[in-house]
Amino acid sequence: MLGIVAAVLFFVSFLINAADLSTNDVFSSTNVMLLGLSALALHVAGIGGSWTRRR
């Protein structure tokens, strides 16, 4: 699940950078890319990767 979130964040970062949008400092393309890298690191670490079913 976090891998999908990371892909979406990378895509948003690409759109901000490619369109040369002027956003505030919080939503700059670099910050969105770093959020994507954090989500990807959590996914690779095994957090949020599988769903457990309770019986």
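Residues numbered from 1 in each chain as written. Predicted model: local features only at pLDDT ≥ 70, side-chain atom pairs only at ≥ 80, totals over all residues. Heavy atoms only, no water.

So, on to the overall build of the protein. What the protein contains, in helices and strands, is 2 helices and 0 strands. For the protein, the accessible surface area stands at approximately 4600 Å², while carbon and sulfur atoms represent 65% of it. (Helix = DSSP H or I, 4+ residues; strand = E, 2+ residues; numbered from the N terminus. Areas by Shrake-Rupley, 256 points an atom, 1.4 Å probe, with all protein chains shown as cover.)

This paragraph deals with helix α1 (residues 2–18). A rise of 1.5 Å per residue sets the reference length of α1, with its 17 residues, at 24 Å; its end C-alpha atoms lie 24 Å apart and thus fit the reference within 8%. Turning to α1, its buried residues number three or more, namely Leu2, Ala6, Ser13 and Ile16. In an axial view of α1, the angular spread of the buried residues amounts to 85°, which keeps them on one side of the axis. Projecting away from the buried face of α1 at angles above 90 degrees are the exposed residues Ile4, Phe11, Phe14 and Ala18. On its buried face, α1 is in contact with α2 (29–45). Backbone geometry just downstream of α1 places Asp20 in the positive-phi region, at approximately 55°. (Expected span 1.5 Å × (residues − 1). Buried < 20%, exposed > 50% of the residue type's maximum accessible area, 1.4 Å probe, protein only. Arc of directions from axis to C-beta. Contact = heavy atoms within 4.5 Å.)

On to the packing of α1 against α2, then. It is the contact of α1 with α2, at a shortest axis distance of 8 Å, that shows an interaxial angle of 165°. With respect to α2, the axis of α1 lies roughly antiparallel. Note that α1 runs across α2; the crossing there is left-handed. Contacts between α1 and α2 involve Leu2, Gly3, Val5, Ala6, Leu9, Phe10, Val12, Ser13, Ile16 and Asn17 from the first element and Ser29, Val32, Met33, Leu35, Gly36, Leu37, Ala39, Leu40, Leu42 and His43 from the second. Residue composition of the contact of α1 with α2, grouped by class: 14 nonpolar, 6 polar and no charged. (Axes fitted to C-alpha atoms, helices over the stretch in contact; angles between N-to-C directions. Parallel < 35°, antiparallel > 145°, perpendicular 65-115°, else oblique. Left-handed = near helix turned anticlockwise from the far one by under 90°. Nonpolar A, V, L, I, M, F, W, Y, C, P; charged D, E, K, R; others polar.)

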